Amino acid sequence: TLRTRTTRRAYARARCRSATSTCSCTAVAAPKLIGMSPRVLHVSQPGDGGVAAVVAQLTRDQVERGLEVVVAASPHAALRTAVEAAGARFSAWDAKRSPGPGSMLEARSLGRLIEAEAPDLVYLHSSKAGLAGRLALRGRRPTVFQPHSWSFEASRGPMRRAAEMWERRAVGWTDVIVCVSETERRDGLDAGIDGRYVVVPNGVDLEAFPPAGAGERLASRARLKLENGPLAARVGRLRRQKAQHVL
């Protein structure tokens, strides 16, 4: 159809030309298209936490730009409230976090959902959606995958090697891989995942979290009994894949 052809041309123009390029805008924030409403399907197994927060932010932004957005996730996910508040549709897709005997059934279920929704673009978030979605699609629709930290980073031994082998195979069914940092992109390349990458760092809402002034910084240091001098801080789970051990 004209809608699909036009959407794919717009999507192709948005893709970066280099597999090692850094991009801050084109991978997930398409311009509002006049006279048409491309349909984007986001798929996420996590229904809360950091991945769900990113999905909610992308959903809100894309709805404001005039895209038709559908989000598939656990029917009991807290993400559902944010999606519907943004004016998008929510579609239930139930899946367990870790791969296992039920993974093929989850892929078939997601495949049926994708066929029913008929999206112009499928955006897969994190490892389980990346597994099920690419098994179901195998390149039949434009596909974006965002690892939200590679699955092999949380594994060792045979499990790590299996995860790396899967990603090297699945990259052939992936149009764009979105990474949140240069480190994540390099980790993918070092693992032999030779795909088309764009780097889109996580954003910070400066209205909700305005930078502290000099007086507030001094008062905070005094309250926490910190000496003057350089200070590094981070917020996140204590997991090896978060790399606190390199600080």
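Residues numbered from 1 in each chain as written. Predicted model: local features only at pLDDT ≥ 70, side-chain atom pairs only at ≥ 80, totals over all residues. Heavy atoms only, no water.

(A) Just the overall build of the chain, in detail. Within the chain one finds eight helices and seven strands. A separation of at least 24 residues holds for 60% of the contacts in the chain among residues at least 6 apart in sequence. For the chain, the accessible surface area stands at approximately 14,100 Å², while carbon and sulfur atoms represent 54% of it. (Helix = DSSP H or I, 4+ residues; strand = E, 2+ residues; numbered from the N terminus. Contact = heavy atoms within 4.5 Å. Areas by Shrake-Rupley, 256 points an atom, 1.4 Å probe, with all protein chains shown as cover.)

(B) Local environment of helix H2 (residues 49–64). With 16 residues, H2 should cover 22 Å at 1.5 Å per step; its first-to-last C-alpha distance of 23 Å lies within 8% of that length. When we look at burial in H2, the residues that qualify are Val51, Ala52, Val54, Val55, Ala56, Leu58, Thr59 and Gln62. Turning to H2, the residues buried within the fold contact strand E1 (39–44), strand E2 (68–73), helix H3 (79–85), strand E4 (121–125), helix H5 (126–137) and strand E5 (143–146). The positive-phi residue at the C-terminal boundary of H2 is Gly66, with phi of around 95°. (Expected span 1.5 Å × (residues − 1). Buried < 20%, exposed > 50% of the residue type's maximum accessible area, 1.4 Å probe, protein only.)

(C) Summary view of the packing of helix H4 (residues 103–117) against H5. Where H4 meets H5, the closest approach of the two axes is 8 Å, and the angle between their N-to-C directions is 65°. Classified by the angle their axes make, H4 and H5 are roughly perpendicular. Every pair of crossing elements has a handedness; the one defined by H4 and H5 is right-handed. Contacts between H4 and H5 involve Ser103, Met104, Glu106, Ala107, Leu110, Gly111 and Ile114 from the former and Lys128, Leu131, Ala132, Gly133, Leu135, Ala136 and Leu137 from the latter. For the contact of H4 with H5, a count of residues per class yields nine nonpolar, three polar and two charged. (Axes fitted to C-alpha atoms, helices over the stretch in contact; angles between N-to-C directions. Parallel < 35°, antiparallel > 145°, perpendicular 65-115°, else oblique. Left-handed = near helix turned anticlockwise from the far one by under 90°. Nonpolar A, V, L, I, M, F, W, Y, C, P; charged D, E, K, R; others polar.)

(D) Up close: a positive patch on the surface. Residues Arg97, Arg234, Arg237 and Lys242 make up a contiguous surface patch of positive charge. Under the relative-accessibility criterion, Arg234 is labelled partly exposed at 38%. (Patch = residues over 30% accessible without salt bridge, like charges linked within 9 Å, V, L, I, M, F, W, Y side chains within 5 Å. Salt bridge = Lys/Arg side-chain N within 4 Å of Asp/Glu carboxyl O. Lys, Arg positive; Asp, Glu negative; His and termini not counted. Charge placed at Lys NZ, Arg CZ, Asp CG, Glu CD.)

(E) Main features of the pattern of salt bridges. A full pass over the atoms with the stated rule returns nine salt bridges. The closest approach of N and O atoms between Glu68 and Arg39, which form a salt bridge, is 3.0 Å. Placement of Glu68 in strand E2 and of Arg39 in strand E1 is noted, with a sequence separation of 29 residues between them. Since its relative accessible area comes to 25%, Glu68 is described here as partly exposed. Accessibility expressed as a relative area gives 18% for Arg39, which makes it buried. We note a salt bridge from Arg89 to Glu68, for which the minimum N-O separation is 3.9 Å. Placement of the pair is Arg89 in strand E3 (residues 89–92) and Glu68 in strand E2, with a sequence separation of 21 residues. Through salt bridges with shared partners, one network takes in Arg39, Glu68, Arg89 and Glu117.

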